[in-house]
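Structural characterization, general
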Amino acid sequence: MARGTLRIFLGAAPGAGTTYSALREARRLLGEGGDVAIGIAATHGRQETQQLLDGLDAVPPRLVKDPGGVQVPELDVEALLDRQPDMAVVDDYAHLNAPGSRNERRWQDIEELLAAGIDVLSTLNVQQLASLTDAVAAITDGPRQAKIPDEVVRKADHIELVDISPVLLRQRVADGRIVPDARVDAALANEYRLGNLFALREIALIWLADRVDEGLAEYRESQGITATWPARERVVVGLTGGPGDEVLVRRAARILSRVNGGELLAVHVRGTGSRTEASGQALDVQRRLVLDLGGTCHTVSGDDPAQSLLEFARSVNATQIVIGASPGRFWSRVLGMGAASRIVRESGDIDVHLVSHPPARRGLPRTAPAPLSRARTTAGYLLAVVLPVLATAVLSLSPDLNLATQALVHLTGVLAVAFIGGLWPAVLAAVLGSLLLNYFETDPVGTFSISDPQNVFALLVFLGAAVAVSLVVGLSERRAREAVRARAEAATLADLARDALLADDTVAGFLDKVRETFQVQAAGLYTRSGDRQAAWELQAFSGNAAPPSPDAATAMTDSVELADPRSALVLSGRTLTAGDRLLLTAHGAHLLLLRQHHALQRTLRSTTKLAEGNSVRTAILRAVSHDLRTPLAGIKLAVTALLRQGRRLPEEVQAEMLATIESYTERLDALISNLLDMSRISSGSAAPHAAPVTWRDAIEDALRGIPTEHIRIELAANMPAVDADLGMLERVIANIVENALKYAPGSDIAIVGVSGVANAADDGGTPFGELRIVDHGRGVPAAAVVEMFQPFQRLDDAPEGLGIGLGLAVAKGFTEAMGGQLAPEPTPGGGLTMVIRLPLSTGHSVPNLRREAGTSAP
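Residues numbered from 1 in each chain as written. Predicted model: local features only at pLDDT ≥ 70, side-chain atom pairs only at ≥ 80, totals over all residues. Heavy atoms only, no water.

Take the overall build of the protein next. The number of helices and strands found in the protein is 26 helices and 24 strands. Taking the intrachain contacts of the protein between residues at least 6 apart in sequence as the baseline, contacts between residues at least 24 apart amount to 71%. Accessible area for the protein stands at about 42,200 Å²; split by element, carbon and sulfur atoms hold 56% of it. (Helix = DSSP H or I, 4+ residues; strand = E, 2+ residues; numbered from the N terminus. Contact = heavy atoms within 4.5 Å. Areas by Shrake-Rupley, 256 points an atom, 1.4 Å probe, with all protein chains shown as cover.)

Shown next, in the form of structure tokens:
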């Protein structure tokens, strides 16, 4: 069965019209004869959106009870799979499903529909993308919404931006078409400010442009296109680690400042072709500068720096290259002899900027011996032929010179050829020189015969000396090449070690670095679970397509088995040299260490969580054995007395015993509730269902059963609703009030609502609603504030009937689970004020939750 296609309508802000666009597209497909079904669509009470639903077949949603007992509609995946339409409309791609649903997230529900061959139309707001959550919250001062990983959204077949002018969107808000009339002024002054909308629109456009650019890169790679397509301005800067490279970075940044949406990429080439030894400290400084200017840093490996730089520029579709040249040193200071002219000559349609910068007075990088290039070897062979002939012609002008002098002249030529072309050109020059000396200078002249034995000895000494010098030069050249390669490999491995210490790399991120370093099309990690006969399984890969398995390697594929024989690192796109394979083996060893590190981290987290759970369970058992024994004993004693002597006891004594039983029962109920709540929090199962809640509704239910003669409620009439789980919020308020009554006996307790918006600096400026519970007791010392929220902690460890020290721990756990904060403050004049902060609701109506859901706590 063919997989269905996913089309996402992306909006810059709520109310941009994503649901409207999806329903309009559904009606168009229905008009063309398609089978369309509505899985779930939120109209938010907008009439024009509701009208689009008329005439469309809708699959009724499932009703799931949240922890507060409220029935919420969720997508009925099974019904849609049974219905099997051609196209399904499923609103809100990032939605978090209620506990007990088929999947945790709605996008996972959609994946099931796609796997069944059903096409899906869905919606998404840019605020819901995980990579943009913090940026959007900082701009809008709005609450964080449900997040969805960017890589999940990238898998969509089509992403369409639903664009609307910020001025028009504000007009829609002002007309009451987005938010209720009571919230219009607040919305226009906060999340729908004109500046916010312009910023959100730009973020959405840039994010979508990046996805388009990724698609362009995939197409170019799949079609083998290497020519530059100037779809976006990209400037590549060649870094060497030498002095003055900061000038190149700043020049590239100035070039990009003239355009919008450009990219700055700094690349350092490591390999045997590098004539200049890079300074690691200087490179670190230059990389930090690149990052500060909004660019990215890259390192590639290659024997030919000029070619490697050009290949990298073409792989990223660069439009310009910036490289540096120092007066008097030209490109010997940057990429090697002749690299500048090669880059300019072979750059094609990529613009090349040569930036002159003065050489540093001190701290110059040391120059390593330059390895022989093909051009030098070719020149050496030419000189091996030309110099002996030229020397013979010159020496023929002075026939009185003896054989020793002539041999020294030829030996000088051999030395010149050795220094230029290396071993084999020098050997050729030595052999040719000896033959010319034999033919033209030794008797009998004009033949290769030698009559004088001394001449034979002289020629043999000449030939031996020339070959020895050639061997020394060649050996020095090989050692120089090995030293440069070893230095480059050591620097690359040092970068790997540094990244492992400074960043928590993922396997996928590490494979991205491997693919970039070796300039290949794809890199993948394969493992097999059994012996060597088991099939390879792909664990992760980087690139547009996974490389073939190690058993199916092609001519353009290289693989190395790691220290663990059940793992292999595979590259495809080019054949590696022997030196590159050694470096790839080192990368593979680092990859194994990275996977082991991740496994240890998972084990540590699991062990830590288990230890915390054991600690909580131990404390719970201790509390059950100690703090619950007293009320149970009191209840048992009172019940026994009533059963045995009930008729003989006076009525007032019976009433007192019944009151004692009731008091102890209520105490047991509160203790057990807190124990269960703490157990849920410690196990991570306290999942709230956020909905618009008013403070007044929560307070009324929280105070039920609590003596209120010393409690004063001060709430403004227009208090905005907050996003919270009603049952959890009731428990939070009840625990804090009970704690204040216990530790501030006789003090008046004031519950004060703050009608304004509190900006929490540590949460990106998110707008919060505040509720303050104020007492005038003796307060809490500053040193004991942190311990106050720990489980099983009581003020001064008071044992007599004041609970087991879980009230504030539960209150803090529930508040944070709802995305809020619980913070203590000293009350002016003495006492303690507990401040509950919860995100302001973005909902459009506040239902009477007490009538719909009842008042049961979670």
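Of all six residues in strand β12 (residues 320–325), six are buried; the element is thus mostly enclosed. Residue alternation in β12 divides its side chains into two sets, Q320, V322 and G324 and I321, I323 and A325, and both sets are buried. The pairing of strand β9 (residues 234–239) with β12 spans three bridges and is parallel. Of the residues in β12, the one forming a bridge with V236 is I321. As paired strands, β12 and strand β13 (residues 351–356) are joined by six bridges and run parallel to one another. In the sheet register, A325 faces β13, and the bridge partner there is S356. (Buried < 20%, exposed > 50% of the residue type's maximum accessible area, 1.4 Å probe, protein only. Pairing = 2+ DSSP bridges.)

Another point: the sheet that holds β12. Where strands meet in a sheet, backbone hydrogen bonds hold them as pairs that are either parallel or antiparallel. The strand order β11-β10-β9-β12-β13 describes an open sheet built from five strands, whose pairing is parallel. The open sheet terminates on both sides in strands that have one partner only, identified here as β11 (296–301) and β13. Strand-to-strand, the axes of this sheet are offset by a mean angle of 25 degrees, without reference to chain direction. Each of β9, β10 (263–270), β11 and β12 is contacted by helix α12 (residues 305–315), which is oriented at about 150 degrees to β10, the strand it contacts most. (Axes fitted to C-alpha atoms, helices over the stretch in contact; angles between N-to-C directions.)

Running from N to C, helix α14 (residues 374–395) and helix α15 (residues 403–421) point in directions that differ by 165 degrees, and their axes come no closer than 8 Å. The pairing of α14 with α15 is recorded here as roughly antiparallel in orientation. Like other packed secondary-structure pairs, α14 and α15 cross with a definite hand, here right-handed. Every residue of α15 that contacts α14 at R376, T377, A379, G380, L383, A384, L387, P388, A391, T392 and L395 is listed here: Q406, V409, H410, G413, A416, V417, F419, I420 and G421. Of the residues contributing to the contact of α14 with α15, the split by class is twelve nonpolar, seven polar and one charged. (Parallel < 35°, antiparallel > 145°, perpendicular 65-115°, else oblique. Left-handed = near helix turned anticlockwise from the far one by under 90°. Nonpolar A, V, L, I, M, F, W, Y, C, P; charged D, E, K, R; others polar.)

Another point: the confidence of the model for the protein. Per-residue confidence for the protein gives a mean pLDDT of 75, with 73% of residues at or over 70. Per-residue pLDDT stays below 50 along residues 360–370; that stretch engages in 19 contacts with residues further than four places along the chain or on separate chains. (pLDDT = per-residue confidence, 0-100.)

Attention now moves to the nonpolar core. Y93, L124 and I148 are the most contacted members of the largest nonpolar core, which totals 45 residues. Look past the residues within four positions of I148 in its chain and what remains in contact with it is Y93, A94, W107, L124, Q128, L129, A130 and V153. Counting residues in hydrophobic clusters, the runner-up holds 36 residues, among them A698, I706, I749 and L838. (Core = buried A, V, L, I, M, F, W, Y, C linked by side-chain atoms within 4.5 Å.)

This brings us to helix α16 (residues 423–441). Between the first and last C-alpha of α16 there are 26 Å, a value that for 19 residues agrees with the 27 Å anticipated at 1.5 Å per step. For α16, the complete set of buried residues consists of L423, P425, A426, V427, A429, A430, G433, S434, L436, L437 and N438. (Expected span 1.5 Å × (residues − 1).)

Turning to the environment of Y20, a few remarks are in order. Within the fold, Y20 resides in helix α1 (residues 18–31). Along the backbone, Y20 and F9 are eleven residues apart, and their C-alpha atoms lie at a distance of 9.7 Å. Once residues within four sequence positions are removed from consideration, Y20 is found in contact with E48, T49 and L52.

Attention shifts here to α12. Along α12, the positions that sit buried rather than exposed are P305, A306, S308, L309, L310, F312 and A313. Phi for N317, located one or two positions after α12, is positive at around 60 degrees.

Bringing the pairing of β9 into the picture now. It is a general feature of regular strands that their side chains alternate between the two faces of the sheet. With six of six residues buried, β9 lies mostly within the body of the structure. Burial along β9 is two-sided: the residues R234, V236 and G238 and V235, V237 and L239 are all buried. Sheet topology places β9 next to β10; six bridges connect them, and they run parallel. Along β10, the bridge assignment pairs V236 with L265.

Attention now moves to the environment of D775. Its location among the elements puts D775 in the loop between β22 (766–774) and α24 (785–788). Spatially, the C-alpha atoms of D775 and V737 are 9.1 Å apart, while their sequence positions differ by 38 residues.

A separate point is the sheet that holds strand β6 (residues 87–90). The six strands are arranged β3-β2-β6-β7-β1-β8 in an open sheet whose pairing can be described as parallel. Edge positions in the sheet fall to β3 (57–58) and β8 (158–162), since each of these pairs with one other strand and no more. In terms of strand pairing, strand β1 (residues 6–11) meets strand β7 (residues 119–125) through six bridges, oriented parallel. Residue pairing in the sheet places L10 in a bridge with L124 of β7.

Another aspect to go through is the side chain of T123. On the secondary structure map, T123 appears in strand β7. Engagement of the side chain of T123 in a polar contact is seen with the side chain of D91, the distance being 2.3 Å. Only 2.9 Å separates the side chain of T123 from the backbone nitrogen of D92, close enough to count as a polar contact. In contact with T123, not counting residues within four places along its chain, are I8, F9, T18, T19, A22, V90, D91, D92 and Y93. (Polar contact = N/O pair within 3.5 Å; in protein donor to acceptor, adjacent residues only side chain to side chain.)

What follows is about unusual backbone geometry. At Q84, a residue that is not glycine, the phi angle is positive and equals roughly 50 degrees. A relative accessible area of 33% places Q84 in the partly exposed class. In this structure, D92 takes a positive phi of about 60 degrees despite not being glycine. In this structure D92 comes out as partly exposed when scored by relative accessible area, which is 25%.

Another point: a nonpolar patch on the surface. Nonpolar side chains collect at one region of the surface, where Y381, V385, V386, L390, V394, W424 and L428 lie side by side and expose about 660 Å² of accessible area between them. Elements represented by at least two residues in the nonpolar patch include exactly α14 and α16. Per-element tally for the nonpolar patch: the top contributor is α14, with five residues. Secondary-structure assignment places Y381 in helix α14. (Patch = residues over 30% accessible without salt bridge, like charges linked within 9 Å, V, L, I, M, F, W, Y side chains within 5 Å. Salt bridge = Lys/Arg side-chain N within 4 Å of Asp/Glu carboxyl O.)

Taken as a whole and assessed by the stated rule, the structure comprises 19 salt bridges. Linking E714 and R712 is a salt bridge whose minimum nitrogen-to-oxygen distance equals 2.5 Å. Relative accessible area serves as the criterion here: at 39%, R712 is assigned to the partly exposed category. Sharing partners across several salt bridges, the network here consists of R7, E25, R28, E32 and E160.

On the surface, R250, R251, R254 and R258 cluster together to form a positively charged patch. Note on placement: R254 falls in helix α10 (residues 245–256). (Lys, Arg positive; Asp, Glu negative; His and termini not counted. Charge placed at Lys NZ, Arg CZ, Asp CG, Glu CD.)

Turning our attention to the packing of helix α22 (residues 695–702) against helix α23 (residues 726–743). Packed helices, taken two at a time, are described by their axes: the angle between them and the distance between them. Direction vectors running N to C along α22 and α23 enclose 60 degrees, while the axes themselves pass 8 Å from each other. By the angle class used here, α22 and α23 are oblique. Remark: the crossing between α22 and α23 carries right-handed chirality. Listed contacts from α23 to W695, A698, I699, D701 and A702 of α22 are L726, L729, E730, I733 and A734. Considered class by class, the residues forming the contact of α22 with α23 number eight nonpolar, no polar and two charged.

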